[in-house]
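Notes for the structure review
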Amino acid sequence: MAVTELLPEAAEEKPPSQLGQRLTNAAVPIGTAITLLLIWQFGVRFFEVPTYIAPAPTDVLAVFRDRFDILATNFWPTFTISVAGFFAGNLAAILIAVTFVHSRAAERAFFPIAVFINTIPILAIAPILVLIFGPGMTSKVVIAGLICFFPTLVNMVRGLQSVSPQTLELARILSASKSEIFWKMRLPSSMPFLFSALKIAATTCVIGAIVSEWIGANVGLGALIIDSTFNFRSPMLYATVFMSSGLSVLLFSLVTITEKLVVRW
């Protein structure tokens, strides 16, 4: 007798569709966010909190509707600095990580210096970089890149060194060159580590860009945050913060999509 005859109910059950499962997974965070917004709206209105202290969500939405041109004008400079700093900082980290893996002397000499620089708060080192590179675009890109640099360096070194000694010994026995070991063993094994770091860098580069704009910038989301704070324009301040968060989410999503396309294994 077949198993399906013994368990007819089990045979009739169908697994849930992938679309239904995705909708269910998305409904929970979306419902939570809507609930928090309703609580925020009700709390501000019920307790009659002044707008300059805490605006209601409807006030913030009004800024997006009526002053979106100002937000868009200041969005693009921050976007440019964030992307440029993301690529510059991560590229430098990858190249230095490759150097460290192939030269233990270089790693022992310069890795402690990289750790020391990472311990300096970005708010403290940003004015120094502005003095060195000037108040232009270069200093802002360096600040945004610096905040991305260390996580990528650490993860990339760890990824390049994650190949087992037995695999490396086998490659040497088979007369594999250093370049072949790097491209066919070290680099593929480092990809998951690298993209984990890039996801962190995708959000921190926006922080670096905003911090750089706090020091001598007239445009950008960072400059708009400072202006809105000192002029008590809380709805504009909250809208700018949400715009900055949206930029971080956008960059994080792009890195995640790239990871799925590159790291297929």
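Calculation rules
Residues numbered from 1 in each chain as written. Predicted model: local features only at pLDDT ≥ 70, side-chain atom pairs only at ≥ 80, totals over all residues. Heavy atoms only, no water. Axes fitted to C-alpha atoms, helices over the stretch in contact; angles between N-to-C directions. Helix = DSSP H or I, 4+ residues; strand = E, 2+ residues; numbered from the N terminus. Parallel < 35°, antiparallel > 145°, perpendicular 65-115°, else oblique. Left-handed = near helix turned anticlockwise from the far one by under 90°. Contact = heavy atoms within 4.5 Å. Nonpolar A, V, L, I, M, F, W, Y, C, P; charged D, E, K, R; others polar. Phe/Tyr/Trp six-rings, centres within 6.5 Å; stacked < 30°, edge-to-face > 60°. Buried < 20%, exposed > 50% of the residue type's maximum accessible area, 1.4 Å probe, protein only.

1. Brief notes about the packing of helix 5 (residues 68-102) against helix 12 (residues 234-262)
- Relative to each other, helix 5 and helix 12 sit at 40°, their axes nearing to 10 Å. Overall, the two elements helix 5 and helix 12 adopt an arrangement that is oblique. Considering how the two elements wind past one another, helix 5 and helix 12 form a crossing that is right-handed. Residues Phe68, Ile70, Leu71, Phe75, Thr78, Phe79, Ser82, Val83 and Phe86 of helix 5 form the contact with helix 12, whose participating residues are Met236, Ala239, Thr240, Met243, Leu247, Leu250, Leu251 and Val255.
- Grouping the constituent residues of the contact of helix 5 with helix 12 by class yields 14 nonpolar, three polar and no charged.

2. Quick word on unusual backbone geometry
- Phi is positive for glutamate 48, which is not a glycine, with a value near 50°.
- Mapped onto the secondary structure, glutamate 48 falls in the loop between helix 3 (18-46) and helix 4 (57-66).

3. A short note on the packing of aromatic side chains
- Applying the stated criterion across every chain, the model contains eleven aromatic pairs.
- Taking 5.4 Å as the distance between ring centres and 20° as the angle between the ring planes, the aromatic pair formed by phenylalanine 42 and phenylalanine 46 counts as stacked. With phenylalanine 42 and phenylalanine 46 both in helix 3 and four residues apart, this pair spans about one turn of that helix. The same class applies to phenylalanine 42 as to phenylalanine 46, namely exposed.
- Geometrically, the ring pair formed by phenylalanine 111 and phenylalanine 150 is tilted, given 6.3 Å between the ring centres and 35° between the ring planes. Remark: phenylalanine 150 occurs in helix 8 (residues 137-160) and phenylalanine 111 occurs in helix 6 (residues 104-119); sequence separation between them is 39 residues.
- Taking relative accessible area as the criterion, phenylalanine 111 reaches 22% and is therefore assigned partly exposed.
- Taking relative accessible area as the criterion, phenylalanine 150 reaches 15% and is therefore assigned buried.
- Members of the aromatic cluster, each reached through a chain of ring pairs, are Trp40, Tyr238 and Phe242.

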